[in-house]
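Structural description and commentary
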Amino acid sequence: MKSFQLANESCPNKFILPQNKRPNLSEVKSLDSIPIIDLSYCHDNNSSLEVVHKISKACEEFGFFQIVNHGVPEQVSNKMMKAITDFFELPSEERESLYSTDHTKSARLFNYYLKVEGGEKVKCWSECFAHPWYPNDDFISFLPEKIRTQYMEAFSEYAKEIGSLGSRLLGLISIGLGLEEDCLLKKLGEQPRQRAQSNFYPPCPDPELTMGLTEHTDLNALTVLLQSEVSGLQVKKDGKWISVPFIPNAFVINLADQIEVLSNGRYKSVLHRAVTNNLNQRLSMAMFFGPNLDTIIGPIQELIDEEHPPKYKKYHFSEFLEEFFKQEGTRTMLKEAFEVQHDNK
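In an α-helix, one full turn covers 3.6 residues, which means residues spaced three or four apart are oriented alike. Its 15 residues place the ends of helix α2 (residues 74-88) 21 Å apart at the C-alpha level, agreeing with the 21 Å of an ideal helix rising 1.5 Å per residue. Within the span of α2, buried status applies to Val76, Ser77, Met80, Met81, Ala83, Ile84, Thr85, Asp86, Phe87 and Phe88.

Moving on to the environment of Thr223. Position of Thr223 among the secondary structure elements: in strand β9 (residues 222-227). Its relative accessible area of 2% is what places Thr223 among the buried residues. For the pair Thr223 and Lys326, spaced 103 residues apart in sequence, the C-alpha separation works out to 22 Å. For Thr223, the residues in contact, after removing those within four places along its chain, are Asp218, Val252, Ile253, Asn254, Ala286, Met287 and Phe288. Of note is the side chain of Thr223, whose polar atom sits 2.7 Å from the side chain of Asp218.

Let us now look at the confidence of the model for the chain. Residue-level pLDDT values for the chain average 89, and 91% of them are 70 or greater. Looking over the chain, one finds the lowest element-wise mean pLDDT in helix α4 (residues 137-142), namely 73, and the highest in β9, namely 98.

Among the five residues that make up strand β2 (residues 64-68), five are buried, leaving the element largely enclosed by the rest of the structure. Burial of the side chains of β2 extends over both faces: Phe64, Gln66 and Val68 are buried on one face and Phe65 and Ile67 on the other. Where strand β1 (residues 36-38) and β2 come together, three bridges link them in parallel fashion. If you follow Ile37 over to β2, its bridge partner there is Ile67.

What follows covers the state of the cysteines. One pass over the structure, following the stated rule, counts zero disulfides. Not engaged in a disulfide, the cysteine Cys128 finds its nearest cysteine sulfur in Cys124; these two sulfurs lie 7.8 Å apart.

Here four strands make up an open sheet; going across it, the order is β8-β13-β10-β11 and the pairing antiparallel. In the strand order of this sheet, the two ends are held by β8 (213-216) and β11 (240-243), each with one partner. When strand polarity is set aside, the average angle formed by the axes of neighbouring strands in this sheet is 20°. Sheet topology note: the β8/strand β13 (residues 272-274) ladder contains two bridges and is antiparallel. Counted as the bridge partner of Leu213 is Ala274 from β13.

A word on the pattern of salt bridges. Within this structure, the stated rule accounts for 10 salt bridges. With its nearest N and O atoms 2.7 Å apart, the salt bridge here joins Lys82 to Asp86. Pair noted here: Lys82 and Asp86 are both in helix α2, with a separation of four residues, about one helical turn.

Thresholds applied
Residues numbered from 1 in each chain as written. Predicted model: local features only at pLDDT ≥ 70, side-chain atom pairs only at ≥ 80, totals over all residues. Heavy atoms only, no water. Helix = DSSP H or I, 4+ residues; strand = E, 2+ residues; numbered from the N terminus. Expected span 1.5 Å × (residues − 1). Buried < 20%, exposed > 50% of the residue type's maximum accessible area, 1.4 Å probe, protein only. Contact = heavy atoms within 4.5 Å. Polar contact = N/O pair within 3.5 Å; in protein donor to acceptor, adjacent residues only side chain to side chain. pLDDT = per-residue confidence, 0-100. Pairing = 2+ DSSP bridges. Disulfide = S-S within 2.5 Å. Axes fitted to C-alpha atoms, helices over the stretch in contact; angles between N-to-C directions. Salt bridge = Lys/Arg side-chain N within 4 Å of Asp/Glu carboxyl O.

Right, here's the structure in full:
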């Protein structure tokens, strides 16, 4: 039996979740969704302030929003989506060399899983390909030769555009917190940790029994997500799951744990998940902005006062990553592990 197993191969029992962990798709709300924000209105002070206000409100209430008219050329996004589609359509034996459970590898193909009662691991119905933004020799040489040039051309162009967009978004989010525009970018430190992850969700015979990605918050600072036309992303709001629809040439933006910590809890890193369907495959490309390992993260001093004492301890981001891997397969209490326990007496 091969050690490398794709999500859509046999052994379906490896993907069946316990009853209390299943998605209950009939209960998902489709009428509500996350805010949609048009960035083209940032052309004068009044319009920019309105956009900042909308982003700030979305960060406080949802932790998620979609952006349109963001300035990233549509053909750049389409080229990237074509490259990851071609990658996941390669025969499994051509991708097998990239598969690894070793999270220290800079580039790898892997499956997420959930630890259930008895210590058993239930795999998610998906495959993920993660690598750094800045290609190194290991990464390039391990890419299957058939798609190597195409992938690197598409990704280099895409990463440049998303890098500029991410910096712009961090600036708008900083202003929304009442801080200098470059504050959050500086807080992430020099040479921030930038990772890319493409996700593939094959059609599933019974989407009610499994999950594409189980509920989690992102561990970095900010995520910029490009998703294909098939919807599957869901966000938790007020205890209910809401579906995030596909919008042509839009990006889904979600705040990750480090922004919640830096904002002292004002902005939210919320639970989200990916579900499957039985008709169509779904693909997405997530670009993660985060601190480097040596960066010290904690609530920003300007956001702390008597009414708003620090909610989180200061830590090196490497400590946060250690906690993440310690909780691998559960990821239920990640940023909570760094909460300050205040005496309420």
